[in-house]
Amino acid sequence: MKTSKDPRHQSRRLAFGYIHAIENAGVKFDAESLATVKESAQELLEISSYNEDLFESIINIYTKDRDSIIETITKNSKEWQLAEMYKPDIIVLIIAICEIKTEKVPMKVAIDEAVELAKEFCDVESAKFINGVLAGVVQELQNTKDDKPKQT
């Protein structure tokens, strides 16, 4: 049974703190500054142990695909413009989409973890919003997979 101290859950929490700092800074960071951002997030969130591979995987996808991830969020949050969304909601969605893109965990696990992060870091109603957006993301991904020609 997963606990709040599970290293994978702690990786997602650390990714939240890291991405939150980067998204709100509005500036580009060099490698040394990014290491400081990570250390600060780890200290602030009191994370002593986490899964480094999961954290790095999420951050690498975020760094490489941020614009397409934001586009995916915008497309699947039909009633909300990005500027109207609560920043922590966007960050939780970023993490979940990054994790879904890794294909290392079932989509249901990524969604469940996103809901847990929302309960910790977001507004009371955020979990429903995040769940709804991610349902659209999953549907979009499944439709994309169905459209790909099968190799024989």
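Here the structure is a predicted model, which is why all the values come from computation and not from measurement.

> A description of the environment of R8 should follow, citing residues and the corresponding values.
Note that R8 resides in helix α1 (residues 7–25). Taking C-alpha positions, R8 is 20 Å from A35, a pair spaced 27 residues apart along the chain. Setting aside residues up to four positions removed in sequence, R8 forms contacts with N51, L54, E99 and V105.

> With reference to specific residues and values, describe the nonpolar core.
Counting 47 residues, the largest nonpolar core has I19, I73, I94, I95, I130 and L134 as the members making the most contacts within it. Secondary-structure elements contributing two or more residues to this core are α1, α2 (31–44), α3 (52–76), α4 (87–102), α5 (107–121) and α6 (126–147). Sort the elements by how many residues they give to this core and α4 lands first, with ten residues. When residues no more than four places from it in sequence are discounted, the contact partners of I94 are I19, E23, Y62, I69, I70 and I73.

> If you had to explain the packing of aromatic side chains to someone new, which residues and values would you point to?
Overall, the coordinates contain four aromatic pairs when judged by the stated rule. Note on F16 and F121: the rings are 4.1 Å apart at their centroids and 5 degrees apart in plane angle, and the pair reads as stacked. Here the residue F16 occupies a position in helix α1, and F121 occupies one in helix α5, the gap between them amounting to 105 residues. Taken individually, F16 and F121 each receive the classification buried, so the pair is uniform in this respect. Considering the side-chain rings of W80 and F129, the 6.2 Å spacing of their centres and the 75 degrees angle between planes classify their relative orientation as edge-to-face. Remark: F129 occurs in helix α6 and W80 occurs in the loop between α3 and α4; sequence separation between them is 49 residues. Exposure remark for W80: the relative accessible area of 43% places this residue in the partly exposed category. Following the ring pairs from residue to residue traces out a cluster consisting of Y18, Y50 and F55.

Calculation notes
Residues numbered from 1 in each chain as written. Predicted model: local features only at pLDDT ≥ 70, side-chain atom pairs only at ≥ 80, totals over all residues. Heavy atoms only, no water. Helix = DSSP H or I, 4+ residues; strand = E, 2+ residues; numbered from the N terminus. Contact = heavy atoms within 4.5 Å. Core = buried A, V, L, I, M, F, W, Y, C linked by side-chain atoms within 4.5 Å. Buried < 20%, exposed > 50% of the residue type's maximum accessible area, 1.4 Å probe, protein only. Phe/Tyr/Trp six-rings, centres within 6.5 Å; stacked < 30°, edge-to-face > 60°.

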